[in-house]
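Each chain, letter by letter, is given below.
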Amino acid sequence: MVFLSLVVLVVLVVVAGRFVVSRVARERRSLRETELRRRLVPREQLVLRGDEPSAELAAVLDAAGSGDWRAVAEYLAEADSDSKSNSNSNRDANRRWMRMEPLSTAAAKEDHWLRLWREEEPRNAVAALLQTDALVQLAWEIRSGRYASEVTMEQARGFHRVLREAEQAAREAVELAPSEDPNPWVAQIAVAMGLGWSHEDFRELWAEVTTRDPHHLRAHEGALQYWCAKWHGSHELMHAFVDAALADAPAGSLLTALRVRAYFEQNTRDNAGAAAYRTPEFTAAVDALLADLEQADPAHPQLQAARGWAAWSLVMNARVVLAFELFQVMGHEVAGPWRNYDDPQTAFDRMREITVQAIARAMV
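Peer 1: Describe the overall build of the chain, with residues and values.
Peer 2: Along the backbone of the chain there are 17 helices and two strands. Split into buried and exposed, the 364 residues of the chain put 44% on the buried side. Within the chain, contacts between residues separated by at least 24 positions form 69% of all contacts whose residues are at least 6 apart in sequence. For the chain, the computed accessible surface area is about 18,900 Å², with 53% contributed by carbon and sulfur atoms.

This is how it looks when you write it as structure tokens:
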């Protein structure tokens, strides 16, 4: 009886000890999680990349809203002037495109200032290009980002009608722009995707782009969508496109983001599990993007988006410490794959929380 009592006592001591250790471990992990969260911008302060324009751009957008198209013309002319004085015209074509995009977005919502500009300067190449991209953005706004099966007949008709207008505007932009400018051709990539251009026609368009600028990042992002399986290509065609794009891509171009985006498209369409992001091929793609980020221009207009793709890829690749470091660098601007979610800020914050919990769990 005494022996049995001793056994029971020992068992109770062991269980109690384990309970105490477990509770201490939980407390330590909770403290560590709190410490890590303090290093990140709070959820309520997160904003989508571009939702907080620079003071200069905000002033231009305000001027456009009041009908002052000349402020827009001067703003875009500054980028054009910079590109003419810079020997790296390829990089500047992409920069000029990125500088124009928020103004295209504004014109897609309200274009009275752009119509005034086109009336007063009908031969202005920049205004023609801006009108083209605004029509493209309007068309996709009409269609919505839903799958084709979820798009109504009315949306589809409006989508194609406006894209046809954009197609015509693009022809005019090509005629007015300098022959070496790739951007009037870049503007047609979304048109080609939406109207279902044949592979042959798209390759002809792509040749026009790459002859003028072989490393235009925005153009490559659009072409990747054309070649993916959900639009007019396949996994094989998409990866072949990426192979060609990266064959001679200069360091710091951020074109390496195309590879992880291609895997994102493939794995999403195939409903692949977590193992698809732990392969040697995906790991190599992430490493290449990280190396590219190290050499990228700090002023690159798509740097934050590339960081976002890298952070997301690192979490999927089970490298949470590196991902956490990138989340710290990203600060309050959400960019990258989270823009595809209905609630980007919440999705972004949820993935940050995954890294916090994983790191704290590993350190206890």
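Peer 1: I'd love a proper account of the environment of Phe324, names of residues and values included.
Peer 2: If you trace the backbone, Phe324 turns up in helix α16 (residues 320–330). Its relative accessible area of 4% is what places Phe324 among the buried residues. The sequence separation of Phe324 and Thr355 amounts to 31 residues, and the corresponding C-alpha distance is 6.1 Å. Setting aside residues up to four positions removed in sequence, Phe324 forms contacts with Leu36, Arg39, Leu40, Thr355, Val356 and Ile359.

Peer 1: So what's going on with the pattern of salt bridges? Residues and values would help.
Peer 2: In total, this model carries 23 salt bridges according to the counting rule given. Of the charged contacts in the structure, one is a salt bridge between Glu208 and Arg212, with a shortest N-O distance of 2.7 Å. Of this pair, Glu208 and Arg212 are both found in helix α10 (residues 199–212), four residues apart, which corresponds to roughly one turn of the helix. Classification of Arg212 as partly exposed rests on a relative accessible area of 22%. With a shortest N-O distance of 2.7 Å, Glu221 and Arg218 are connected by a salt bridge. You can see Glu221 and its partner Arg218 sitting in helix α11 (residues 217–227), three residues apart, about one turn around the helix. Given a relative accessible area of 11%, Glu221 falls into the buried group. Because the salt bridges share partners, they merge into one network encompassing Glu101, Arg218, Glu221 and Arg261.

Peer 1: Would you mind going over the nonpolar core in detail, with residue names and values included?
Peer 2: Ranked by size, the top nonpolar core spans 94 residues in total, and within it Val72, Trp113, Trp117, Leu130, Phe202, Phe327 and Trp338 carry the most contacts. Among all residues touching Trp338, those that are not within four sequence positions of it are Gly308, Ala311, Trp312, Phe327, Pro344, Ala347, Phe348 and Met351.

Thresholds, definitions, all that
- Residues numbered from 1 in each chain as written.
- Predicted model: local features only at pLDDT ≥ 70, side-chain atom pairs only at ≥ 80, totals over all residues.
- Heavy atoms only, no water.
- Helix = DSSP H or I, 4+ residues; strand = E, 2+ residues; numbered from the N terminus.
- Buried < 20%, exposed > 50% of the residue type's maximum accessible area, 1.4 Å probe, protein only.
- Contact = heavy atoms within 4.5 Å.
- Areas by Shrake-Rupley, 256 points an atom, 1.4 Å probe, with all protein chains shown as cover.
- Salt bridge = Lys/Arg side-chain N within 4 Å of Asp/Glu carboxyl O.
- Core = buried A, V, L, I, M, F, W, Y, C linked by side-chain atoms within 4.5 Å.

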